[in-house]
Structure formats: C-alpha cells, structure tokens
Amino acid sequence: MLDKTYRPAEVEARLYTAWEASGAFRPRGEGTPYCIMLPPPNVTGSLHIGHALDHTIQDVLIRFHRMKGRRVLWQPGTDHAGIATQMVVERKLAAEGKDRRAMGREAFLAEVWAWKEQSGGTIARQMRRLGASCDWTRERFTMDEGLSRAVRRAFVLLHRAGLIYRDKRLVNWDVALETAVSDLEVQNREVDGKLWYIRYPIEGEPDRFVTVATTRPETMLGDTGIAVHPEDERYRDLVGRWAILPLVGRRLPILADPASDPEKGTGAVKITPAHDFNDFEVGRRHGLEAIAIFDRRGRVNDNAPERYRGLDRFEARARIVADLEAEGFLVKVESWRHSVPHGDRSGTPLEPFLTDQWFCDVEGLAKRAIHAVEEGLTRFVPKIWETTFFNWLRAIQPWCISRQLWWGHQIPAWYGPDGRIFVAEDEAEAAALARAHYGREVALERDPDVLDTWFSSALWPFSTLGWPERTPELATFYPTDVLVTGFDIIFFWVARMMMLGLFCMDEVPFRDVYIHGLVRDERGKKMSKTQGNVVDPLELVDKYGADALRLALLAATEQGRDVRFGESRVESWRNFVTKLWNAARFCELNGLRLDPAFDPTTCRLALDRWIVGEVAALTRTVGDALAEYRLSDATMAIYHFVWDTFCDWWIELAKPVLAGEDPAAREEAQKVAGFVLARVLHLLHPMAPFVSEELWRVLFGAPGGMLIVASWPEEPAPFRDPEAAAELDWLVRVIGGIRAARSELNVPPAAKLRLLQHGASPETLARLERHRDAFARLARVDSIELEDRPVPKQAIVVVVDETTFALPVGEVVDLERERQRLGREIAKTEGEIAKLQGRLEDASFLARAPAEVVEESRERLAELAAARARLATALARIA
C-alpha cells in the first residue's frame, strides 16, 4: 500500500543501494553495445549544477538504451587535474607550515596521493545521490597505472611520428604557478590601466627622439628594436638608423615592418621579442635578439640593470616609470582600458615567457578530425556546433603539452650527458636507446616536466577500455556512441579526443557529440558566487528529491539553447512527482490491477479506448524524442500526459465508472488504470528513476524484476480508436473551453449554469446527451438544452467545431465591466509589446546590451504576445 506522501529521502538511498548491489549498472546481455564515457570531473571537484545537468542527460540515455536491450556501459572516472590538484594540496600544506619546494618532489607527490585517497571520491559519492547508474566497478583515474601506460605509449608514438618535439618558444606563463599554460587556459579580462608615452633618443641626434606608447613599460628592459610601418612618412628617414634604449643604453635598430599600425599610438612600437607574442614574430623576421628579463616567478633577472634586479614585475614597473620621469624620457600618461590575459586557475596576469617546452604539431591531426566530421563519421547535435569545431581546428596552433608542475604524468623523455633526448616508455628502454647511441652505459636524467592534463584526457575514450592492450572491452565498446558535454570544452577536450582517437585507434572516439547549453539563472545570467545566484544541486535534492531536480533540468534542456534554471522550477517538478504519486494512490484505492493478459484493443468504453490510444502515442513520442536527444520534448510529453490527459481527464471521467454498479465496466477501468500507470512508469524511468521504481515496486510488486532492467515498451501495432479519440477530444475541448471561459470572465466557481447550443450536428447532440454527467461534474453545468436557439445577450460563448455553445451569466457576472477590463488589459499589453519591439529593432540597443538582456527581452515579447492572444480570446467569448 502506498504511503499518503512520497518521501524521497527515505526511498532514494535504499533504491540506489539495491540497483548497485544487483549488478544492474554493469553491461548485461548480448545486445548491441552502447557506451558513454563520463567526462571525468576533476578529482578536486564537488557536484555543481552544470555537473547535475550533464550527468542527468547521460543517465537518461544510459537508462533508456539499457531498457531498449542494448549492452550498456557508462564508464565513470575522475581526472587528476594537474594544476587544480597541486594548488589544493599546496594550500593545505601551507596551512600546516610546509612548503612544496622544501619537501622535494617525492614527498610532495606522496602528500598528493594521500589527499586523493582521502578526499578525491567526493564527486562520485555525490553522483550517486543524483541517481547516476555508472558501472562503478570500472571506475578509473587518469593517473591509474593502466592509463599512465597509455599516456606514455601515445607520447612515444606521436614522437616517433615526428609530431611531438621540443622547442624554445614564447608561451603563456603563470608566474604564480610557475608553469606554462595553454592558450585555452587563458582568460582575457578588461582592466583599467595606463598608456605610457616614452621618448627613445635617436643615435647621433641629441635633440631628436622617437616616441612609443606602451602599457608595459617594465618590459622595455628587454627591448631589442623599434618598428615603424614601411609607408609611414613620419619615420621614413629613421628606418635603418639606431635609437638608444633609455635607462639601459642599448642600441636598437629602427625597422620597417607592417606589424606597426600608423593609426595606433604614435605609429612607432618597441619590439621586445622575449615578452610579447607579436614582437617575437617581428624579431624572428628581422633577426633580433630575444632578451628575457624575468625569471619563472616574474621577478627581474640578471639581464637587466642592477638597480632593477630581484624586483617583482609590477614593482619594477613603478620604479622604471619614476626613473623615466626623472630623466626626462616620460612624455605623458593616459588612462587606458585594455584586455590583459590571466591564468584561469591562479587569476594572475600571465607573462609571455621564452622557454624550452614540448609541443605537439596538431595541424595534420586536425585536418583528419575535420574530415571525419565532414564525412559523417561523427555527428554534432545540434549541427550548428560543427562550425565552432571546424573554425577552431582550421586555425589551430602547435599545442604546448608540457607543464612545470610535479603532479601529473611525467614526460617520458631522458637526457644524456650531452643533452641528447631519448623518448621511451620507461627508463629501461631509454637506457637501451642511450647505450646504443653512446656505445656504453651513461647516466640519464629524466625531464622533470609533466604533461598538460588534457593530454591524458584526450585518451579517455580508449585508455579506460584497456588500450594499448587490445582488450575485449576495447573491441566491444570503441568507438563509443555519444559524448555528452557542454560547448565550453569543444576545444579543450572534444577536438583533442577526436585527433588522438583517430591517431591511436584509427577510428573516431564517438559517433555522436551531444552539446548542451550552460546552466544560467532564471533571468539568463551566468551563475557566479559574486552575483549570489549559484544553486547547490545537493541542497535541492535534499529539499525536493533527485527526481524533481532531474526533471527540472531536462525540461529546460532545449537543443541549441542555454538552460534557464532556478529553485522554483524544481519545486514545480516536485509538484508533478506528488501529482503522479497521488494519482497512483487513487487508482490503488480504487482497485487498479496489472493484468499481464490485458489486451487494450478489447476495451468496451470509449473513455478507455481513448486513454490506451493516448498512451500508445505517448510511447512513440517519448521513444523518438530520446533517440533524437530531444530531452525536453520527452519530459514535457510525459508531464502533459500525466497531469492533463490522465489525471485531469481520464481519472475525473472514470470516477463514476470506478464507483458505479457495472462490474464489467469497473473491472475494465481498473485494468486500464494498471496498464496506463505501468506504461507511464516505464517511460518515466530514465528521467525520474526513483519515484518510478518505487511505484513499480509498491503498486505492482515489480513483476519480472526491477524497472531499471525492464524492457522498454514497444508497440507492435497502434491501437488507437479514431472514433473514441474524436469523441473524447471533443469532450475535452468543450469542457475545457467552458472552464477557461468561466475563469477568464470571473464566473464564481460555485455558480451552476445552463448550457445552450446553436448549430449542433446530430452527432454533437448525441454526444451532449451521453456526457451530461461529465458536464455537470466538470463544467458546473446544471442543465443542457438541446433545442437549437440563437445566442442570447449576457452570455459567454465557446465555439467548438460547428457548434456555438452559450452560457447565460447575466445574473452572476457584469459582462460589460468584464469587457472594459479586458479592453484595458489588451491596451496595456499592446503598449508593452510596442515598447519592446522598438527596443529590439534599435540597432544601438542590440549592439550594447548583454546577450542575456536581449534574449530576456525577446522572451518577454513572446510572453506578452501570448498574453494578448489569451485576452483577445476571452474578449471574444462575451456575446
């Protein structure tokens, strides 16, 4: 017997334990394989609302295909998250008065592993709270020995193919973390800074100067040239001559180079090849020396004059500006708002830094990935994201894959005594290569750097299945079926998995890439702690249950759009779960039965023939929507069927049958209720697994086993009765129209009205006669007059098909006052519509307004248009 109320907290942990203990999460049977790789969350992480969306979508697909008979694997695991994890552990050690450098590498790594074992499983435990049905017996970690071996093998193969190499280049350097970071880990932030105008003396002309403008005067200590545009007449006579670097005295050649824009600043730019990416290219074109003037921590090094050595870069800036002013080289200073690159982890302004790094030449790999998508081997859903994928890959630059960290996959390269590099999977192989080269045993030193975290993540779809071994799992589940992820890591992860999957496996890693939007607040704003609009998914689970959270996220997930989300949506879906529970309880109290022999095509009553036809249509709708990643469509179809079709109409119309004296009709209704509810629970299970499983267990005793391993309902042939469908559709439209008219025109709920008709066909008259009881109970109609008569005044009107229905209300409602009220509301709404339309047609508004404000305005306009239509319909109902 169902409890009066559904209590998720008492149900969810019990059911999850039962699912996991039964082995339901593991691949089962001999069906066609279906595999999803969980994008590995950082081992440092805890579940946020973006994870909740991503994991819910994957779980829906996994549960759906498991029920469809596929042999399903949802591969879980976590990422070692090099920079993030090292930062967490360093902060922990600092609080204990310990320093990484003083400890040494081995001791520090021991601390990281200890932290990982103690705190690294948080997000996996939290995923269970949400209902994620991963195969936890196969959980992997990107620093597992098996995955580490895959990383070493991939590195060696790429190196042998000439695609991995070591080079001295400018990289984005994080001085706080003392490591290179990739272009994708750079956040460009607008900051209010200064533009300093500095005079550089011309050699041989004591009173002549060339003035340059810079936002970074501290880097002038590394200047090795000045560039002007070849066609800039102001400086034509200076090209080929020399300027003198203030404060340093170094001679700087004045060069003609198109990199200088005559329209910007003074038209002359200082060239600092070791500290600016554009300057590095100019310096290479003209053979300029690259003088690095900062160390790894952003302090001025010994390449600068002594008075600046050891200063932090920003301290050096202040002293240099003061010295320039004191010596008469500073012309002026302007306020200047400009973009400054920051590290996305440390939040520190990044420094272009000239250093030896490992790079991967990905241009050829990118072309192959592009071709795979163009040929349809991998499909993006929605298709629009293909363009983003192509644009990035076509402009791709060499990938800096080395990081100056301790936590991560140490690069499998060893240096001989003369600096020669030996790349191998282990030290023994490297020693053998060195012995073959030198003809004797030599001491080797391993490269201290580690690989970019995204390198190991790029191998995830096949390393987790056992590669480089040719395991049965690899043969069965690769390529995987779909990758579910947000658009923000198309570059970080999707593209790299495509490139390395094709390189290592000669096959794409996934057949589909389903890209969902970002979760924003209800106004479309990005969630952030500073704005105070972050929601904690676990708090919502505690308050409303996991199913309510899952359903709220799925309902808001439309292809190609961000997800607008707030607690009120979860509350609404909790109400849906309650509605379903109450409906099931009503049916249980009225003797519902699940009869395995029940044949829906044999129903006698039109009401029952209609509902079994509707549930058959729902089955096709939900199945098709889930197969096509239309998760919102599937969720909302079930919502409308349960709330509107089943609860509001079938149950209400069936109450007299269930309470009546006809035993055959009552038994049919009880079997229909069991059939429909069982079908709904099957269809709902992928989206709301807990309440569906609990109802399946308590209502029906879980015949055949738990719902998680039940078969998806299939319809061998449609059993929709067109006559029953037409009759019940008519009844719903007429009674629904009367209810809407009563509400819109403020008819008192208790008022019982007469129903008149004009123009009814014989079929409509017969229907009115058959459903007198339904009109009396559901539309508060105390009499139906079948004689055709014109519509009287002081009546409200509902038109359905050929018939005009009229309900005289003059005694209970002042229709003239209602007419005036609706007219005022329509005028007000139209005024708001005109104002919004004007704003959205204003090019200047569209140019300056944030995207979320524009989108909010468009959505508000649609809401107002719908409101105007409803008001107009209400006005038209007044006779």
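Definitions and limits used
- Residues numbered from 1 in each chain as written.
- Predicted model: local features only at pLDDT ≥ 70, side-chain atom pairs only at ≥ 80, totals over all residues.
- Heavy atoms only, no water.
- Helix = DSSP H or I, 4+ residues; strand = E, 2+ residues; numbered from the N terminus.
- Buried < 20%, exposed > 50% of the residue type's maximum accessible area, 1.4 Å probe, protein only.
- Contact = heavy atoms within 4.5 Å.
- Areas by Shrake-Rupley, 256 points an atom, 1.4 Å probe, with all protein chains shown as cover.
- Lys, Arg positive; Asp, Glu negative; His and termini not counted.
- Charge placed at Lys NZ, Arg CZ, Asp CG, Glu CD.
- Pairing = 2+ DSSP bridges.
- Salt bridge = Lys/Arg side-chain N within 4 Å of Asp/Glu carboxyl O.
- Axes fitted to C-alpha atoms, helices over the stretch in contact; angles between N-to-C directions.
- Expected span 1.5 Å × (residues − 1).
- Arc of directions from axis to C-beta.
- Phe/Tyr/Trp six-rings, centres within 6.5 Å; stacked < 30°, edge-to-face > 60°.
- Lys NZ or Arg CZ within 6 Å of the ring centre and 35° of its normal.
- Core = buried A, V, L, I, M, F, W, Y, C linked by side-chain atoms within 4.5 Å.

**Q** Go over the overall build of the chain with me, naming the residues and quoting the values.
**A** Of regular secondary structure, the chain possesses 29 helices and 29 strands. Considered along the principal axes of its C-alpha atoms, the chain spans approximately 115 × 65 × 55 Å. Counting all 879 residues of the chain, 53% fall into the buried class. The contacts of the chain with a sequence gap of at least 6 include a subset with a gap of at least 24, amounting to 77%. Put simply, the chain shows about 38,100 Å² of open surface, and 49% of that area lies on carbon and sulfur atoms. In the chain, the 116 positive side-chain charges and the 132 negative ones have mean positions that sit 2 Å from each other.

**Q** Now, about the pairing of strand E7 (residues 186-202): what can you tell me, with residues and values included?
**A** Bridge count for E7 against strand E13 (residues 330-343) is 13 bridges, and the pairing is antiparallel. Following the sheet pairing, Leu-195 is matched in E13 by Glu-334. Where E7 lies against strand E8 (residues 205-214), seven bridges are found, and the strand directions are antiparallel. Within E8, the position partnered with Trp-196 by the bridge is Thr-214. Hairpin connection from E7 to E8: two residues lie between these consecutive antiparallel strands, with Gly-204 at a positive phi of about 85°.

**Q** Residue-level account of the side chain of Glu-12, with values.
**A** With respect to the element layout, Glu-12 can be found in helix H1 (residues 8-22). Buried within the structure, Glu-12 lacks any salt-bridge partner; its nearest side chain of opposite charge belongs to Arg-129, at an N-O separation of 5.4 Å. With residues up to four places along the chain from it excluded, the contact list for Glu-12 reads Arg-129, Val-541, Gly-545, Ala-546, Asp-547 and Phe-690.

**Q** I'd love a proper account of the sheet that holds strand E29 (residues 803-808), names of residues and values included.
**A** Two strands in a sheet stick together by hydrogen bonds in their backbones, pointing the same way (parallel) or opposite ways (antiparallel). Strand order in this open sheet of four strands is E27-E26-E29-E28, and the pairing throughout is mixed. In this open sheet, the two edge strands, each paired with only one partner strand, are strand E27 (781-788) and strand E28 (795-800). Sheet twist, expressed as the average angle between the axes of neighbouring strands with direction ignored, equals 25°. Sheet contacts for helix H25 (residues 762-770): strand E26 (753-758), E27 and E29; angle to E27, the most-contacted strand, approximately 155°.

**Q** Can you lay out the sheet that holds strand E20 (residues 445-446) for me, pointing to particular residues and giving the numbers?
**A** Taken in spatial order, the three strands of this open sheet run E19-E18-E20, and their pairing is antiparallel. Among the strands making up the open sheet, the edge pair consists of strand E19 (421-423) and E20. When strand E18 (residues 413-415) meets E19, the two strands line up antiparallel, connected through three bridges. Looking at E19, one finds that Tyr-415 is bridged to Ile-421.

**Q** If you had to explain unusual backbone geometry to someone new, which residues and values would you point to?
**A** For the bond from Val-381 to Pro-382, the omega torsion is -5°, close enough to zero to count as cis. Mapped onto the elements, Pro-382 comes out in the loop between strand E15 (379-381) and helix H11 (385-394). Between Trp-467 and the following residue, Pro-468, the backbone shows a cis peptide bond with an omega angle of 15°. Take Pro-468: it is sitting in the loop between helix H14 (460-463) and helix H15 (472-477). For Asp-801, which is not a glycine, the phi torsion comes out positive at approximately 55°. As for its placement among the helices and strands, Asp-801 is situated in the loop between E28 and E29.

**Q** Outline helix H5 (residues 105-119), listing residues and values.
**A** Along an α-helix, residues three or four apart share an orientation, since each turn contains 3.6 residues. Compared with an ideal rise of 1.5 Å per residue, which puts 15 residues at 21 Å, H5 spans 21 Å between its outermost C-alpha atoms and is within 8% of the ideal. Taken together, the buried positions of H5 are Arg-105, Phe-108, Val-112, Trp-115 and Lys-116. Summarising the axial view, the buried residues of H5 lie within an arc of 100°, below the 170-degree limit, and thus occupy one face. Structural note: H5 exposes Glu-106, Glu-117 and Gln-118 on the side pointing more than 90 degrees away from its buried face. In this structure, the buried residues of H5 make contact with helix H3 (82-95), helix H4 (100-103), strand E4 (140-141) and strand E21 (450-451).

**Q** So what's going on with the packing of aromatic side chains? Which residues, and what values?
**A** Aromatic ring pairs are described here by two measures, namely the spacing of the ring centres and the angle between the planes. The tally for this structure, following the rule as stated, stands at 32 aromatic pairs. Taking 5.2 Å as the distance between ring centres and 90° as the angle between the ring planes, the aromatic pair formed by Phe-462 and Trp-467 counts as edge-to-face. For the pair Phe-462 and Trp-467, one class covers both residues: buried. Here the aromatic residues Tyr-16, Trp-19, Phe-25 and Phe-690 are joined through ring pairs into a cluster of three or more. Here the guanidinium or amino end of Arg-739 rests over the ring plane of Trp-649, the centre of that ring lying 4.9 Å away.

**Q** Go over the nonpolar core with me, naming the residues and quoting the values.
**A** The nonpolar side chains of a soluble globular protein tend to be buried, and buried together. Counting 148 residues, the largest nonpolar core has Phe-565, Phe-646, Trp-650 and Phe-775 as its most contacted members. Here the element with the most residues in this core is helix H21 (residues 631-658); it accounts for 15 residues. Contacts of Trp-650, omitting those with residues within four sequence positions, involve Leu-607, Asp-608, Trp-610, Ile-611, Thr-645, Ala-669, Val-672 and Ala-673. In this structure, Val-362, Ile-370, Leu-451 and Val-494 belong to the second largest nonpolar core, which totals 64 residues.

**Q** Let's hear about the pattern of salt bridges: which residues, and what values?
**A** Under the criterion given, the structure shown has 77 salt bridges. When the shortest N-O distance is used, the salt bridge between Asp-237 and Arg-208 registers 2.8 Å. Residue Asp-237 is located in the loop between strand E9 (225-228) and strand E10 (242-244), and its partner Arg-208 is located in strand E8; the two are separated by 29 residues in the primary sequence. Owing to a relative accessible area of 24%, Arg-208 belongs among the partly exposed residues under this scheme. As a salt-bridge pair, Lys-671 and Glu-667 come within 3.4 Å of each other at their nearest N and O atoms. Of this pair, Lys-671 and Glu-667 both sit in helix H22 (residues 663-684), separated by four residues, roughly a single helical turn. Overall, Lys-671 belongs to the buried group, its relative accessible area being 18%. Its relative accessible area of 32% is what places Glu-667 among the partly exposed residues. Salt bridges here are not isolated pairs; linked through shared partners, they connect Asp-99, Arg-101, Glu-178, Arg-296 and Arg-297.

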